[in-house]
Amino acid sequence: MRKVEISPSTSIVVLTGAGISQESGLDTFRDAGGIWARYDIDDVATPEGFRRNPPLVHEFYNTQRREAATALPNPAHVALAGLEKAWLGRLLLVTQNIDGLHEKAGSKALFHMHGTLDGFLCEACGRRGAWTGDMSTSSTCPLCDRHGALRPDIVWFGEMPYHMPEIYQALGEADLFLSVGTSGTVYPAADFVREARQAGAVTVELNLEASRKGRGLFDLEIEGKAGESVPAFVSDLLNGRLW
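Residues numbered from 1 in each chain as written. Predicted model: local features only at pLDDT ≥ 70, side-chain atom pairs only at ≥ 80, totals over all residues. Heavy atoms only, no water.

A.B. asks: Would you mind showing me how to read the pattern of salt bridges here?
C.D. replies: Where side chains of opposite charge bring their charged atoms close, a pairing between them can arise. Considering all chains together, one arrives at nine salt bridges under this definition. Between glutamate 59 and arginine 66 there is a salt bridge whose closest N-O contact spans 3.5 Å. In this structure arginine 66 comes out as partly exposed when scored by relative accessible area, which is 39%. As a salt-bridge pair, aspartate 191 and arginine 194 come within 3.0 Å of each other at their nearest N and O atoms. (Salt bridge = Lys/Arg side-chain N within 4 Å of Asp/Glu carboxyl O. Buried < 20%, exposed > 50% of the residue type's maximum accessible area, 1.4 Å probe, protein only.)

A.B. asks: Before we go on, may I ask you to explain the sheet that holds strand β5 (residues 128-130) in this structure?
C.D. replies: Where strands meet in a sheet, backbone hydrogen bonds hold them as pairs that are either parallel or antiparallel. The strand order β5-β4-β6 describes an open sheet built from three strands, whose pairing is antiparallel. Only two strands of the sheet have a single partner each, and these edge strands are β5 and β6 (150-154). Taking each pair of neighbouring strands and ignoring which way they run, the sheet shows an average axis angle of 45°. Of the strand pairs in this sheet, strand β4 (residues 115-122) and β6 are connected by four bridges, and their pairing is antiparallel. (Pairing = 2+ DSSP bridges. Helix = DSSP H or I, 4+ residues; strand = E, 2+ residues; numbered from the N terminus. Axes fitted to C-alpha atoms, helices over the stretch in contact; angles between N-to-C directions.)

A.B. asks: Would you explain the environment of proline 161 in this entry?
C.D. replies: Mapped onto the secondary structure, proline 161 falls in the loop between β6 and α8 (164-173). Along the chain, proline 161 and proline 188 lie 27 residues apart, while their C-alpha atoms are 8.3 Å from each other. When sequence neighbours within four positions are dropped, the list of residues in contact with proline 161 reads Met113, His114, Val155 and Pro188. (Contact = heavy atoms within 4.5 Å.)

Following this line, the structure appears as structure tokens:
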């Protein structure tokens, strides 16, 4: 693989997907038996679905919120939080996940590009904030006191992910790009490896199986469970055993 010079100024961008949380007991979306095998995307993950049937959408995310509330970070989450704490250069963690396990593990330099389960978006005042417990069509916005205007703070299909200017800037400045537990099929995240590679970054994929869409774009592909491969990779990186 291409060589990256590790120094105090080395910049790292990490992208994570549902595969990193699977070992914490949370379902993935696209795998066989995953969430999209049991629910229609159009019904629960689009603005149109929410307008058609708000109670269904609320119950879908209420169930996910309850499950995520009791889930614990696994060694992969902990390793990435440890890397952030130990790394002297810039490190940005970009997650497609909405479960909050990175925060539970201690990650702070973090962007949730698809939103979070523990947040609300008010369609009346347009503001976002923290939320705990169930949400319903009768919930009140804590910022404007409007009843019935809340939705989960989740980026649905057809909507623009959060923090995109900052993410693309970080990708353009990255020396090392890590993709962890993501299928590489959902855009714009699927194109992050190409962006980082074009900017000169060394690109590494850690996944249960190498993603077919990433063929030729990753300098190194490491297959295996995230709870095993990510801590081992982080240890090698911190101890200078990779290059």
